[in-house]
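Per-entry structural report
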Amino acid sequence: MNLDALPYTSYIVLLEFCVGSLLFCVFADWRGKVAASFVMFCAAMISVGAVVMVLNAQALDPKSVIGGYRLDDDLVGTVQAGSFVLLLATIPYNIAVFRRDRQWSLITGVGALIVGFVLVGIVSYYISLPTWGFAGTLLSMAAGTLAVGAVVMAMILGHWYLMTPRLPKEPLQELTLLLLASIALQGVLMILNIAIPARETPDATAFLGSTQLGTN
């Protein structure tokens, strides 16, 4: 694996973690069948994840080729700024959650989600140049966001039952079903991505080590 690609890989995972976890945290809170302490823990976790994501975004070096894979380097500043805006958007959500103001927590949570999904779209375009199209990259990023968020929230909620065994089982069942649907969507997209030719094929030798390639 090319070492130059590691900041980009970890950034995408962190973005999917933050937005996906936020989506299912707001969803679980809206359903109203989870403990308030669970929502508080997840809201704080999302903000911490957003801090790490912002720090990771600073390692995105604006250059046109990363391990043989072209990026839209004009967007790197927008990606970094968008990451910071997402972090800021999680702060009022945390404040509302910890004050147990459910109405405002849902409003601020949806607001942060809008910022998150816009950022997912920007990042999808940022990395989509060699793929068969922006739509495929966006769908893949969206499916990854759903899958990561669902698995994280389901895992944490599953542990919450150890502390409060009398919690209703419906939230965990819903998260599990949403996770399975997300994985199924990823499977379909993987088949499509294999079947549809990419616009560019990265040089295989570029993945053997860390190579600093300049703009063509």
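Overview of the structure. (Residues numbered from 1 in each chain as written. Predicted model: local features only at pLDDT ≥ 70, side-chain atom pairs only at ≥ 80, totals over all residues. Heavy atoms only, no water.)

The subject of this paragraph is the overall build of the chain. In terms of helices and strands, the chain carries six helices and two strands. Taken from N to C terminus, the helices and strands of the chain fall in the order α-α-β-β-α-α-α-α. A buried classification covers 45% of the 216 residues belonging to the chain. A sequence separation of at least 24 residues applies to 79% of the contacts in the chain between residues at least 6 apart. Approximately 10,800 Å² of the chain is accessible, and the part contributed by carbon and sulfur atoms is 72%. (Helix = DSSP H or I, 4+ residues; strand = E, 2+ residues; numbered from the N terminus. Buried < 20%, exposed > 50% of the residue type's maximum accessible area, 1.4 Å probe, protein only. Contact = heavy atoms within 4.5 Å. Areas by Shrake-Rupley, 256 points an atom, 1.4 Å probe, with all protein chains shown as cover.)

Before going further, it helps to spend a moment on the side chain of Ser182. Its location among the elements puts Ser182 in helix H6 (residues 170-195). By relative accessible area, Ser182 is classed as buried at 4%. Discounting chain neighbours no more than four positions away, the residues touching Ser182 are Ala143, Leu146 and Ala147.

As a further point, take the layout of surface pockets. Volume-wise, the second largest pocket comes out at about 150 Å³. Forming the walls of the second largest pocket are 13 residues, and the residues nearest its centre are Asp29, Ala36, Val39, Arg100 and Arg102. If you list the elements that add at least two residues to the lining of the second largest pocket, you get helix H2 (36-57), helix H3 (76-98) and helix H4 (102-126). The leading source of residues in the lining of the second largest pocket is H2, at three residues. Looking at the lining of the second largest pocket residue by residue, the class counts come to seven nonpolar, two polar and four charged. (1 Å grid on protein atoms, 1.4 Å probe; cavity = no way out; pocket = protein on both sides within 12 Å on 5 of 7 lines; lining within 4 Å. Points joined across faces, edges and corners; volume = space filled by probe spheres on them. Nonpolar A, V, L, I, M, F, W, Y, C, P; charged D, E, K, R; others polar.)

Let's shift gears to the packing of helix H1 (residues 6-31) against helix H5 (residues 134-163). Where H1 contacts H5, the two axes come as close as 7 Å, and the packing angle between them is 65°. Read as a crossing pair, H1 and H5 show a hand that is right-handed. Along its contact with H1, which presents Ile12, Leu15, Glu16, Phe17, Val19, Gly20, Ser21, Leu23, Phe24 and Cys25, the element H5 presents Met141, Gly144, Thr145, Leu146, Val148, Gly149, Ala150, Val152 and Met153. The class makeup of the residues in the contact of H1 with H5 is 13 nonpolar, five polar and one charged. (Axes fitted to C-alpha atoms, helices over the stretch in contact; angles between N-to-C directions. Left-handed = near helix turned anticlockwise from the far one by under 90°.)

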